[in-house]
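Here is what each chain is made of, one letter per residue.
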Amino acid sequence: MKIALVGYGKMGHMIESSAKALGHEIVATIDVVSKDAGVVVEAGDYDGVADAVRKSGAEGVIEFSHPSAVVGNLRALVPLGIPIVCGTTGWASSEEEISALLAEKNGVAMRSSNFSIGVNMFYRIVEEAARLLSEYSEYDVAVWEAHHNQKADSPSGTALEVARRVMAGNPSKTEMVVDAFHERPKANELHVSSTRVGSVPGTHTVFFDSPADSIELTHRARSREGFARGSVVALEKLVSRVNSGSLARGKLYGMSDLFD
Ligand SMILES: NC(=O)c1ccc[n+]([C@@H]2O[C@H](COP(=O)([O-])OP(=O)(O)OC[C@H]3O[C@@H](n4cnc5c(N)ncnc54)[C@H](O)[C@@H]3O)[C@@H](O)[C@H]2O)c1
């Protein structure tokens, strides 16, 4: 597939390597700063971004730029009608607007805050494990995550999704608690705790614990490469499902639409 990359920073470079390894052709690399990008546009020149994508003959776009630029990029890219995979985070409040634009222009896009295939499989494994163990009231459950000490937010967005999957599988857990407890937890509370230390790229564990034993499920990222490869696989699947008609145009999809 001919792919255009919008945003040619750390992720853009990794996505280029992954896409080539998977047999795709990178027909454009577009950025506002990156000196080695094929096309450098002025910050805020979203039409310039879309123009470069259109001229490149791309059959798919992968966008990993900046929270301040992503909505402008999407507003300009959606009318091209080329399937878009967007990994930039921090624009949840504009999702409705972009969904409406996709419907109006008959475009198609997918966004996820975590494109790792392993994490998306982990979500499903966790939900199923929570469902199985919810049959046995002696098993309690908790979520824990660790990340490097440069990460500003906690819990991670991935930990919150893991917790949502636990709650989907175990309806007796109705409340997420992300702070420290100063009293005994109630039976309906799901504790989600975080550690910030060193250089950990991202570890997420779900503990199931009974008086007799415990089960721990862990996803441990080794690097950010999984996100890059996952975004290319997501584009492959999105394009093939749109072409086969199993996914309709005019919509904003998530990773779960490909894997559930
Ligand atoms: N969804 C996921 O799985 C996932 C994984 C890792 C990172 N991310 C997110 O992806 C985004 C990028 O991450 P990164 O580590 O590559 O950051 P980065 O800062 O290394 O690269 C971003 C690049 O985008 C460029 N850019 C800014 N505005 C632009 C515009 N209008 N058009 C084109 N390029 C523009 C910047 O100049 C920069 O080179 C962040 O929001 C990050 O949180 C998502």
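Every value quoted in this text rests on a predicted model; they were computed, and no experiment measured them. (Residues numbered from 1 in each chain as written. Predicted model: local features only at pLDDT ≥ 70, side-chain atom pairs only at ≥ 80, totals over all residues. Heavy atoms only, no water.)

Participant: When you look at the UniProt feature "domain: Dihydrodipicolinate reductase C-terminal" (unreviewed entry) in the protein in this model, what are you seeing that I'm missing?
Facilitator: Residues annotated in UniProt with the feature "domain: Dihydrodipicolinate reductase C-terminal" (unreviewed entry) correspond here to residues 118–258. Regarding residues 118–258, the helix share stands at 37% and the strand share at 26%, and the terminal C-alpha atoms are separated by 13 Å. (UniProt positions renumbered as here; feature names shortened; annotations may be inferred. Helix = DSSP H or I, 4+ residues; strand = E, 2+ residues; numbered from the N terminus.)

Participant: Can you walk me through the sheet that holds strand β2 (residues 25–31) in this structure?
Facilitator: Within a sheet, neighbouring strands are paired by backbone hydrogen bonds and run either parallel or antiparallel to one another. Spatially, β3-β2-β1-β4-β5-β6-β12 is the arrangement adopted by the seven strands of the open sheet, whose pairing is parallel. Of all the strands in the sheet, just β3 (39–40) and β12 (251–253) have a single pairing partner and so form its edges. In this structure, β2 lies alongside β3, joined through two bridges in parallel fashion. Looking at β3, one finds that I30 is bridged to V39. The strands touched by helix α4 (residues 95–105) within the sheet are β6 (108–111) and β12, with β12 carrying the most contacts at an inclination of about 130°. (Pairing = 2+ DSSP bridges. Contact = heavy atoms within 4.5 Å. Axes fitted to C-alpha atoms, helices over the stretch in contact; angles between N-to-C directions.)

Participant: Please explain the UniProt feature "domain: Dihydrodipicolinate reductase N-terminal" (unreviewed entry) in the protein as it appears in this structure.
Facilitator: According to UniProt, the positions carrying the feature "domain: Dihydrodipicolinate reductase N-terminal" (unreviewed entry) are residues 1–114. Secondary structure across residues 1–114 divides into 37% helix and 22% strand, with the first and last C-alpha atoms of the span separated by 22 Å.

Participant: What's the story with helix α1 (residues 10–21) in this structure? I'm lost.
Facilitator: The terminal C-alpha atoms of α1 lie 17 Å apart, and with 12 residues this matches the ideal 16 Å at 1.5 Å per residue to within 8%. Looking at the buried positions of α1, the neighbouring elements they touch are β1 (2–6), β2, β4 (60–63) and α7 (225–244). Phi turns positive one or two residues past the end of α1, at G23, with a value near 90°. (Expected span 1.5 Å × (residues − 1).)

Participant: Could you clarify how one ought to interpret the packing of aromatic side chains in this entry?
Facilitator: Geometrically, a pair of aromatic rings is defined through the distance of the ring centres and the angle of the planes. Tallied over the full model, the rule gives one aromatic pair. When the ring of F64 is compared with that of F115, the centres are 6.1 Å apart and the planes differ by 50°; the resulting orientation is tilted. Taken as a pair, F64 in the loop between β4 and α3 (70–77) and F115 in the loop between β6 and α5 (117–133) lie far apart in primary sequence, 51 residues in all. You'll find F64 and F115 in the same group, each marked buried. (Phe/Tyr/Trp six-rings, centres within 6.5 Å; stacked < 30°, edge-to-face > 60°. Buried < 20%, exposed > 50% of the residue type's maximum accessible area, 1.4 Å probe, protein only.)

Participant: So what exactly am I meant to see when it comes to the site of the ligand here?
Facilitator: Neighbouring residues of the ligand: 26 residues in total, closest K10, M11, D31, S112 and R224. In the environment of the ligand, a nitrogen atom lies 3.4 Å from a nitrogen or oxygen atom belonging to the backbone of S113. A distance of 2.5 Å separates an oxygen atom of the ligand from a polar side-chain atom of R224. Protein contacts shield 82% of the accessible area of the ligand, which totals 870 Å² for the unbound molecule. Going through the elements one at a time, α1, β2 and α2 (46–56) are the ones with two or more residues in the shell around the ligand. Its residues assigned to classes, the shell around the ligand comprises 12 nonpolar, 11 polar and three charged. (Near = heavy atom within 4 Å. Polar contact = N/O pair within 3.5 Å; in protein donor to acceptor, adjacent residues only side chain to side chain. Areas by Shrake-Rupley, 256 points an atom, 1.4 Å probe, with all protein chains shown as cover. Nonpolar A, V, L, I, M, F, W, Y, C, P; charged D, E, K, R; others polar.)

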